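Next come the chains, spelled out residue by residue.
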Amino acid sequence: MLVLIVTEGEWPGRRIAIGAAPIVVGRGVGVDLQIRDPTVSRHHCVVWGSAGRCWVRDLGSTNHTRVNDRCSLVTELFEGDVLVVGQTALTVTRTGRFDDVGAART
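Residues numbered from 1 in each chain as written. Predicted model: local features only at pLDDT ≥ 70, side-chain atom pairs only at ≥ 80, totals over all residues. Heavy atoms only, no water.

Let us now look at unusual backbone geometry. Although it is not a glycine, Asn68 adopts a positive phi angle of roughly 50°. Mapping Asn68 onto the fold places it in the loop between β7 (65–67) and β8 (70–72). Within the chain, Asp69 stands out as a residue other than glycine whose phi angle is a positive 70°. Within the secondary structure layout, Asp69 lies in the loop between β7 and β8. (Helix = DSSP H or I, 4+ residues; strand = E, 2+ residues; numbered from the N terminus.)

This is the structure we're talking about:
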């Protein structure tokens with residue numbers, strides 16, 4: 001299973017599993033992964049998995065969603081990719097790869 005793990009920014013080590021249910025990332029109340037950063041839109045992007053693949057889609061954010069340092073509208077994600085939302089970097093990894101970080105799962 002793939003997970004997003006915060007590798008830079010607020011709450012390093014925080015992780016969230018990527019599954020079929022969409023994960024909305026943003027600074028707004030009620031999103032699945034809240035990033036309290038003024039450069040992040042309330043509903044910045046959405047990440048989801050389908051048929052063994054993983055995707056991210058920008059939701060019209062002001063400051064864009066970046067994957068591996070490139071602006072992204074819709075991009076397939078692979079293990080090792082780095083998703084940047086505002087000042088926060090999230091790395092796509094397999095469950096267990098960063099277990100020594102000791103962060104709480106969300």
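Anyway, onward from the coordinates.
Let us now look at the sheet that holds strand β6 (residues 53–58). Paired through backbone hydrogen bonds, the strands of a sheet run either parallel or antiparallel to each other. The sheet built from 5 strands is open, its strands ordered β4-β3-β5-β6-β9 with mixed pairing. Looking at strand neighbours, the two that pair on one side only are β4 (33–34) and β9 (74–77), the edges of this open sheet. The pairing of strand β3 (residues 23–26) with strand β5 (residues 45–50) spans 3 bridges and is classified as antiparallel. Bridge pairing in β5 places Val25 opposite Cys45. (Pairing = 2+ DSSP bridges.)

Take the pattern of salt bridges next. Taken as a whole and judged by the stated rule, the model has 4 salt bridges. Among the ionic pairs, Arg53 bridges to Glu76, the shortest N-O distance being 2.8 Å. Of the two residues, Arg53 is situated in strand β6 and Glu76 in strand β9; the sequence distance between them amounts to 23 residues. Classification of Arg53 as partly exposed rests on a relative accessible area of 42%. Glu76 gets classed as buried once you look at its relative accessible area, which sits at 18%. (Salt bridge = Lys/Arg side-chain N within 4 Å of Asp/Glu carboxyl O. Buried < 20%, exposed > 50% of the residue type's maximum accessible area, 1.4 Å probe, protein only.)

In this fold, Ser61 is placed in the loop between β6 and β7. For Ser61, a relative accessible area of 7% translates into the label buried. A distance of 3.4 Å separates polar atoms of two side chains, one belonging to Ser61 and the other to His44. Reaching out from Ser61, the side chain makes a polar contact with the side chain of Asp58 at a distance of 2.6 Å. (Polar contact = N/O pair within 3.5 Å; in protein donor to acceptor, adjacent residues only side chain to side chain.)

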